[in-house]
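# Coordinate inspection notes
What follows is the residue order along each chain.
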Amino acid sequence: MRWSRRWGLAVVKGDSMRPALEPGDRLLVRYGATPRAGALVLARFADGTLAVKRVAYAATTASGRPGWFLLSDNAEAGVDSRHRGPVPEDGVLAVVRLRVLPRSGRIPPG
């Protein structure tokens, strides 16, 4: 049986997810969870950038693959699917479950 990592931590950098998330927030993420509209996810863009973004809706990538249209809560500070297009399904690595530090608890919707 192959071991797979199911839980992890992500650290927020930058202002793209304000006001829901602040730089330095540490997030508990669930790898392999299925995203849904409104959820925060840890995603890898085509250039390799890892980012926390909010799922807007299921979409199709330019190559015809299924994916997700991801948005920043702070559109003026972030780069997201409006700039780079939908992220393929396998580019959405994890779903954010909770903020654990420095303020613990659920994250307000965008």
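The following paragraphs examine the structure supplied in this document. (Residues numbered from 1 in each chain as written. Predicted model: local features only at pLDDT ≥ 70, side-chain atom pairs only at ≥ 80, totals over all residues. Heavy atoms only, no water.)

### A look at the pairing of strand 7 (residues 92-101)
Defined as follows: For two strands to count as paired, DSSP must find a minimum of two bridges between them. A run of DSSP states H or I qualifies as a helix once it reaches four residues; a run of E qualifies as a strand once it reaches two. Both are numbered from the N-terminal end.
Of the strand pairs in this sheet, strand 2 (residues 26-31) and strand 7 are connected by six bridges, and their pairing is antiparallel. Of the residues in strand 7, the one forming a bridge with Val29 is Val96.

### Things to note about the environment of Arg54
Condition: For the purposes of these results, a polar contact is taken to be a pair of N or O atoms within 3.5 Å, where, inside protein, one atom must be able to donate a hydrogen and its partner to accept one; residues adjacent in sequence count only when each atom of the pair is a side-chain atom.
Topologically, Arg54 is positioned in strand 4 (residues 50-60). In this structure, the C-alpha to C-alpha distance between Arg54 and Leu71, residues 17 residues apart in sequence, is 5.2 Å. Among the polar contacts listed, one links the side chain of Arg54 to the backbone oxygen of Gly38, at a separation of 2.9 Å.

### A look at the pattern of salt bridges
Stated formally: The salt bridge criterion pairs a side-chain nitrogen of Lys or Arg with a carboxyl oxygen of Asp or Glu, the two atoms within 4 Å. Think of it in three bands: residues with accessible area under 20% of the maximum for their type are buried, residues over 50% are exposed, and the middle band is partly exposed, with areas taken using a 1.4 Å probe on protein chains only.
If you walk through the whole model with that rule in mind, you get eight salt bridges. Arg84 is the salt-bridge partner of Asp47, the closest N and O atoms lying 3.3 Å from each other. Here Asp47, found in the loop between strand 3 (40-44) and strand 4, pairs with Arg84, found in helix 1 (residues 81-84); they are 37 residues apart in sequence, far enough to count as distant. Owing to a relative accessible area of 39%, Arg84 belongs among the partly exposed residues under this scheme. For Arg65, the salt bridge goes to Asp90, with nearest N and O atoms at 2.9 Å. Note that Arg65 is positioned in the loop between strand 4 and strand 5 (66-71) and Asp90 in the loop between strand 6 (87-88) and strand 7, a separation of 25 residues in sequence. With relative accessibility at 38%, the residue Arg65 sits in the partly exposed group.

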